[in-house]
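Chain by chain, the residues run as shown.
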Amino acid sequence: MTYSGSVKVGGPADVHELTDLMISKVAVGPMDNNAYLLRCRATGEQLLIDAANDAGTLLTLIGDDGITAVVTTHRHGDHWQALAEVVAATGARTYAGAYDAEGIPVATDVPVADGDTIRVGRIELTARRLVGHTPGSIALVFDDPHGHPHVFTGDCLFPGGPGRTTQPEEFNSLMDDLEAKVFGALPDETWVYPGHGNDTTLGKERPHLAEWRARGW
């Protein structure tokens, strides 16, 4: 089956099969949050990005192999509703941006700084701090040696624009970080997995950066 990245709450996961990594995307909760299960194909080790809601769905997706880690992309409550239950069931270590950890009610075992590496089996994810949506939001970049990069952006980048900000300085900060650390560092082919809704690519969004700057959101 061809991966589309289009999922619905209550529906099946969509699986993106790469040479070294399997990415399973599922939608959960009343705010249609995306959660992503990453599985290293060489070792079978698994990591979950955003235990957002509906622990039962997430634990079924995880299965008997368990997970070694849960990464929370940012502090907003819709991204950690199932975190405590998932961690209790799996014993996974918790990761979050160092500047957002205090806003997450489940203790963060590993505070993450810009440029830190998070590993799942033989897979390496590079964290990028993106300031604006929250002070400590992180995106995770997998630079696939067999193809193009993949980036999990939380609520910092969606099809059609950056994540929500409330002050002009927050918007400017988020755009600066997106342009420097995401669009400036990664090619057009980079696949984008956001915290809600459908996937996109940097190539689809790049032509609109000036438009986003002009409109201010």
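Residues numbered from 1 in each chain as written. Predicted model: local features only at pLDDT ≥ 70, side-chain atom pairs only at ≥ 80, totals over all residues. Heavy atoms only, no water.

Trainee: Sorry, what's going on with the nonpolar core here?
Mentor: The tendency in soluble globular proteins is for nonpolar side chains to be buried side by side. In this structure, Ile 23, Leu 38, Leu 47, Ile 118, Leu 125, Leu 140 and Phe 152 are the most contacted members of the largest nonpolar core, which totals 24 residues. Contributing elements (two or more residues each) for this core: β2 (21-28), β3 (33-40), β4 (46-49), β5 (69-72), β7 (110-112), β8 (117-120), β9 (123-129) and β10 (138-143). With near-sequence residues (within four places) excluded, Leu 140 lies in contact with Ile 49, Val 71, Ile 118, Leu 125, Thr 126, Ala 127, His 150, Val 151 and Phe 152. One finds Leu 37, Ala 52, Ile 67 and Ala 96 within the second-largest nonpolar core, a separate group that totals 21 residues. (Core = buried A, V, L, I, M, F, W, Y, C linked by side-chain atoms within 4.5 Å. Buried < 20%, exposed > 50% of the residue type's maximum accessible area, 1.4 Å probe, protein only. Helix = DSSP H or I, 4+ residues; strand = E, 2+ residues; numbered from the N terminus. Contact = heavy atoms within 4.5 Å.)

Trainee: Just checking my understanding: could you explain the side chain of Asp 78 for this structure?
Mentor: Among the secondary structure elements, Asp 78 is positioned in the loop between β5 and α2 (83-90). An unpaired buried charge is present at Asp 78: no salt bridge exists, and Arg 164, the closest side chain of opposite charge, is 7.7 Å distant. A distance of 3.2 Å separates the side chain of Asp 78 from the side chain of His 196, its partner in a polar contact. Discounting chain neighbours no more than four positions away, the residues touching Asp 78 are Met 31, Asn 33, Ala 52, Asp 155 and His 196. (Lys, Arg positive; Asp, Glu negative; His and termini not counted. Salt bridge = Lys/Arg side-chain N within 4 Å of Asp/Glu carboxyl O. Polar contact = N/O pair within 3.5 Å; in protein donor to acceptor, adjacent residues only side chain to side chain.)

Trainee: Sorry if this is basic, but what is going on with the sheet that holds strand β1 (residues 14-17) here?
Mentor: Within a sheet, neighbouring strands are paired by backbone hydrogen bonds and run either parallel or antiparallel to one another. The strand order across the open sheet formed by seven strands is β1-β2-β3-β4-β5-β6-β7, and the pairing between neighbours is mixed. Each end of this open sheet is capped by a strand with a single partner; those strands are β1 and β7. Strand-to-strand, the axes of this sheet are offset by a mean angle of 20°, without reference to chain direction. Of the pairings in the sheet, the one linking strand β6 (residues 93-97) to β7 comprises three bridges and is parallel in character. Considered in β7, the bridge of Gly 97 is made with Val 112. Strands in contact with α2 are β4, β5 and β6; relative to β5, the strand with the most contacts, it is inclined by about 165°. (Pairing = 2+ DSSP bridges. Axes fitted to C-alpha atoms, helices over the stretch in contact; angles between N-to-C directions.)

Trainee: How should the pattern of salt bridges be read in this particular structure?
Mentor: Pairing of side chains with opposite charge becomes possible as their charged atoms draw close. According to the stated counting rule, one finds twelve salt bridges in the structure shown. Across the salt bridge formed by Asp 176 and Arg 213, the nearest N and O atoms sit 2.5 Å from each other. One end of the pair, Asp 176, is in helix α3 (residues 168-183); the other, Arg 213, is in helix α5 (residues 209-215), and 37 residues separate them in sequence. Asp 176 sits in the partly exposed class, given a relative accessible area of 41%. Linked through salt bridges whose partners overlap, the residues forming this network are Arg 75, Asp 100 and Glu 102.

Trainee: Just to check I follow, could you spell out α3 for this structure?
Mentor: Since the α-helix turns once every 3.6 residues, residues separated by three or four places project in the same direction. Of all the positions in α3, only Phe 171, Leu 174, Met 175, Asp 177, Leu 178, Val 182 and Phe 183 are classed as buried. The arc that holds the buried residues of α3, viewed along the axis, is 170°, so those residues lie on one side. Pointing more than 90 degrees away from the buried face of α3 are the exposed residues Pro 168, Glu 169 and Ala 180. In the core, the buried residues of α3 are packed alongside β9, β12 (157-158), β13 (161-162), α4 (202-205) and α5. (Arc of directions from axis to C-beta.)

Trainee: Explain the sheet that holds strand β11 (residues 149-154) to me, please; I cannot follow it from the model alone.
Mentor: One open sheet holds the six strands; their spatial order is β8-β9-β10-β11-β14-β15, and the pairing between them is mixed. The open sheet is flanked by β8 and β15 (200-201), the only strands paired with a single partner. Of the strand pairs in this sheet, β9 and β10 are connected by four bridges, and their pairing is antiparallel. Paired with Arg 129 across the two strands is Ile 138, which belongs to β10.

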